[in-house]
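Chains, contacts and geometry: an overview
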Amino acid sequence: MRTAICILLSAAILSAQAPMRGYPASEWQARRDLEDKVRAIPRPDRVKTYLERMAAKPHAAGSPQSKAVAEYALGLMKEFGLDARIENFEALLPYPTARKLEMTAPRQFAARLNEPGVNEDGDSTQAGQLPTFNAYSASGDITAQIVYVNFGLPEDYEYLKSKGIDVKGKIALARYGRSWRGTKPKVAAENGAVGCLIYSDPHEDGYFQGDVYPKGPYRPRDGVQRGSVLDMPIMVGDPLSPGWASEPGSKRLKIEEAKTLMTIPVMPISYADAQPLLETLGGPIAPEPWRGALPLTYHLGPGPTTVHFKLDFDWTTKPLYDVIGKIPGSVYPDQWIIYGNHHDAWVNGASDPISGAASLLESARALATLYKQGWRPKRTIVFALWDGEEFGLMGSTEWAEKHQDELAKKAVLYMNSDSNSRGTLSVGGSHALEPFMAEVLRDINDPVTGKPLIESSGRRPPRDGRPAQAAPTPGDYKIAALGAGSDYVAFLDHIGVSSLNVGFGGEGGGGVYHSIYDSVKWYERFADPDFAYGRALAQVTSTILMRLADAPVLPFEFANLAGTVKTYVDEIRREAELRAPVGSSGDRASLPSNISADLARIASSADAIGASARSLHEAFAAALPKLASAPQAEVAKLNEVLYRAERGLLTANGLPKRDWYKHTLYAPGMYTGYGVKTLPGVREAVEAQRWEEARTEANKVSAALKRVSDQLAEALAQVRQIAR
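Residues numbered from 1 in each chain as written. Predicted model: local features only at pLDDT ≥ 70, side-chain atom pairs only at ≥ 80, totals over all residues. Heavy atoms only, no water.

Here we look at the overall build of the protein chain
Of the regular secondary structure elements, the protein chain holds 22 helices and 20 strands. Against the compact-globule benchmark of 27 Å for 724 residues, the protein chain has a radius of gyration of 26 Å, which places it among compact chains. The C-alpha extent of the protein chain, read off along each of the three principal axes, is 85 × 70 × 60 Å. In the protein chain, buried positions account for 61% of the 724 residues. (Helix = DSSP H or I, 4+ residues; strand = E, 2+ residues; numbered from the N terminus. Rg over C-alpha atoms; globule rule 2.2 N^0.38 Å. Buried < 20%, exposed > 50% of the residue type's maximum accessible area, 1.4 Å probe, protein only.)

What follows is the structure, given as structure tokens:
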């Protein structure tokens, strides 16, 4: 017994002695005591209650049910004691008015285009469910032959061309997977297709993975993945108000002026509806990697399968309801820490998004409880439940565009969550936050294993086809770069607010994404039965919010950013070497237009950031004990320089062909959608062998990194002034 007690005491002493970035050592133990207190507040039964209430009915954006969910969340925030309100916006949210798909040759078949309910799940038969459709598809009424295009990637069309198969004037039949859904009709249209059908093949999303619902968690034969096909790599948010908030009475583009709407009709279908189309398809047999798990021989076409495909939409603007709650800052009220999750769903959305929204509400309750007990955060904490995310990040983008001047000055961090379930914690975001997140995850244990989250979450993310690698120590912890999967996009990519995206998941499987089967019953059976991970996410997010809200010096560490940028440069250099022109001898020529020197300048600029960051880190160590007595105005100015450093990474004119995206380090790829492209302007120009554009973009990156280095120099001067 004595040995066990000694071990526990030793662990407690070591924990108290472990660094807490941004705080002097004299405060570490008190901070840990306070964080232990807040992490004890979240309760699984509360998360369960919120989820069951918010996912009780279908509540798509623009519907009265979405408003009802927002009002429920508003009531809870007020009950907790937050200063809360609903901010109203509008957006083009087209619902379908006509949907028809029928095979006219070589035989007759009418697609069901409907998901049947299951007896074991009453939610699956509720009224008010949105039909199966892809938002922002073009309207159309066409009859044409089908060509099977695999995942619908650009390289898939190159393969078809190599076999003499042309999709011009045809309907492309693509399977979900390997790219974002909006990329599939975009690439199809660029190759001359007049329509696109996207189906869920059971190989990726059905019985090949495991038992289907209701026996198991995977997509049944009639399940359909709804979803937006807005061209999000160009811009997110309301297509008719690019760059400004869409509010009642505000100006809007004409629909024909919008740049992010699909130009051909596109519709999602189940594998039950896809199977007859594939069974009758002729032409060459598909190569082995193109074959799914349906019991048929996969052919490429074109024809003889011919279909009649009709779609139309109401093309109307509908309301959005963003729920905003605040805990005021006591010292620096104009420095904001923001945490958001969306509340709208395609149908009931128990997993996507209510599992994350319920956890956010419990995080808000935990911090509000501490506030009632006397804790006063130094900085303002903002909780947000966004509407319209599923259509293309509508509510968050319109709110960010409305408040963009204020956010550019005040926003310290935007943290996002979305779906949440049992598994490991995934973290993506701004790389200057890596050491901070490593320390947070070091101090919180997994609800099942009891081990620190850093042991399961601290992994190098897979990148460019390389597998993930374990990173067992906080010093080697890496977070993933962010693309365009959720509501952080406007904050990070448009305004330059340092961002995080956090959530548990990865265990138990699942295949009911964006379907009627994403219900409370499915979630409680397969995703997080005891809501341990809903509670765990509330513990993680509460800790992040508290630690950032109260830190004397904000815990940004730019040396990690510098190292990550150099990794990206090395990747692009290798890509450039592979794509360099071939000389007369058959060898690769040296890199054209001196791109090698431009990449070297980026690396040199990153080195300068690293050197400045190390000097700043050393200066902080000396200055932290003196900050308590330093004038508040001086400390506020220092922290503002730190959190606004991310703004220096923006480029005023934006990225090529998509000026809404302004971040020089992160953006969704033009043909990856959700997937990130790092150093996007340079990388995509190199991939396309646009060498002069690559040089121009490289110079923009170097200039952006120089701006960050200058800001760090300013911060260093301020720290030394305080430390005198």
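A word on helix 9 (residues 350-372)
Counted at 1.5 Å a residue, the expected span for helix 9 with its 23 residues is 33 Å, and the 30 Å between its end C-alpha atoms agrees. One or two steps after helix 9, the chain reaches Gly374, where phi turns positive at roughly 120°. (Expected span 1.5 Å × (residues − 1).)

Thoughts on the packing of aromatic side chains
One pass over the full model with this rule turns up 24 aromatic pairs. Note on Tyr148 and Trp290: the rings are 6.1 Å apart at their centroids and 75° apart in plane angle, and the pair reads as edge-to-face. Within this pair, whereas Tyr148 is found in strand 5 (residues 140-148), its partner Trp290 is found in the loop between helix 8 (271-279) and strand 10 (306-313), the two being separated by 142 residues in sequence. Ring centres 5.7 Å apart and planes at 85° place the aromatic pair Tyr207 and Tyr271 in the edge-to-face group. Taken together, the positions of Tyr207 in the loop between helix 7 (202-205) and strand 8 (227-228) and Tyr271 in helix 8 put the pair 64 residues apart, joining distant regions of the chain. (Phe/Tyr/Trp six-rings, centres within 6.5 Å; stacked < 30°, edge-to-face > 60°.)

Some thoughts on the side chain of Ser519
Here Ser519 lies in the loop between strand 18 (499-506) and helix 16 (520-527). Apart from the residues lying within four places of it in its own chain, the contact partners of Ser519 are Asp121, Asp123, Tyr213 and Ala350. (Contact = heavy atoms within 4.5 Å.)

A look at the pattern of salt bridges
Under the definition given, this model contains 43 salt bridges. Measuring nitrogen to oxygen at the nearest pair gives 3.5 Å for the salt bridge that ties Lys409 to Glu640. Highlighted residues: Lys409 in helix 12 (residues 404-410) and Glu640 in helix 20 (residues 632-643), separated in sequence by 231 residues. With a closest N to O distance of 2.3 Å, Glu575 and Arg579 form a salt bridge. Of this pair, Glu575 and Arg579 both sit in helix 18 (residues 558-579), four residues apart, roughly one helical turn. On the accessibility criterion, Glu575 (24% relative accessible area) is partly exposed. (Salt bridge = Lys/Arg side-chain N within 4 Å of Asp/Glu carboxyl O.)

Points about the nonpolar core
Core analysis: the largest hydrophobic core is formed by 230 residues, its most contacted members being Tyr199, Phe383, Phe391 and Phe558. A per-element tally of this core places helix 22 (residues 691-723) first, with 13 residues. (Core = buried A, V, L, I, M, F, W, Y, C linked by side-chain atoms within 4.5 Å.)

Things to note about the sheet that holds strand 6 (residues 171-175)
Taken together, the seven strands give an open sheet; going across it, the order is 3-2-10-5-6-7-9, and neighbouring strands pair in mixed fashion. The sheet is open, and its two borders are formed by strand 3 (109-110) and strand 9 (266-269), each paired with just one other strand. Pairing analysis gives two bridges linking strand 2 (residues 96-105) to strand 3, with the strands arranged antiparallel. Counted as the bridge partner of Glu102 is Ala110 from strand 3. (Pairing = 2+ DSSP bridges.)

Things to note about the environment of Leu537
As for its position among the elements, Leu537 is in helix 17 (residues 532-550). According to the relative accessible area criterion, Leu537 is buried, its value standing at 0%. Along the chain, Leu537 and Ser359 lie 178 residues apart, while their C-alpha atoms are 6.4 Å from each other. Among all residues touching Leu537, those that are not within four sequence positions of it are Tyr339, Ser359, Ser417, Asn420, Val502, Gly503 and Phe504.

Digging into the pairing of strand 7 (residues 195-199)
In terms of burial, strand 7 is largely enclosed, as five of its five residues are buried. Burial along strand 7 is two-sided: the residues Gly195, Leu197 and Tyr199 and Cys196 and Ile198 are all buried. Two strands pair when backbone bridges link them, and strand 6 and strand 7 are joined in this way by five bridges, in the parallel orientation. Within strand 7, the residue paired with Ala174 across the bridge is Ile198. Crossover strand 6 to strand 7 through helix 6 (residues 183-190) is right-handed. Of the pairings in the sheet, the one linking strand 7 to strand 9 comprises four bridges and is parallel in character. Its bridge partner being in strand 9, Leu197 is matched across the sheet by Met267. (Right-handed = clockwise from strand over helix to strand, strands pointing away.)

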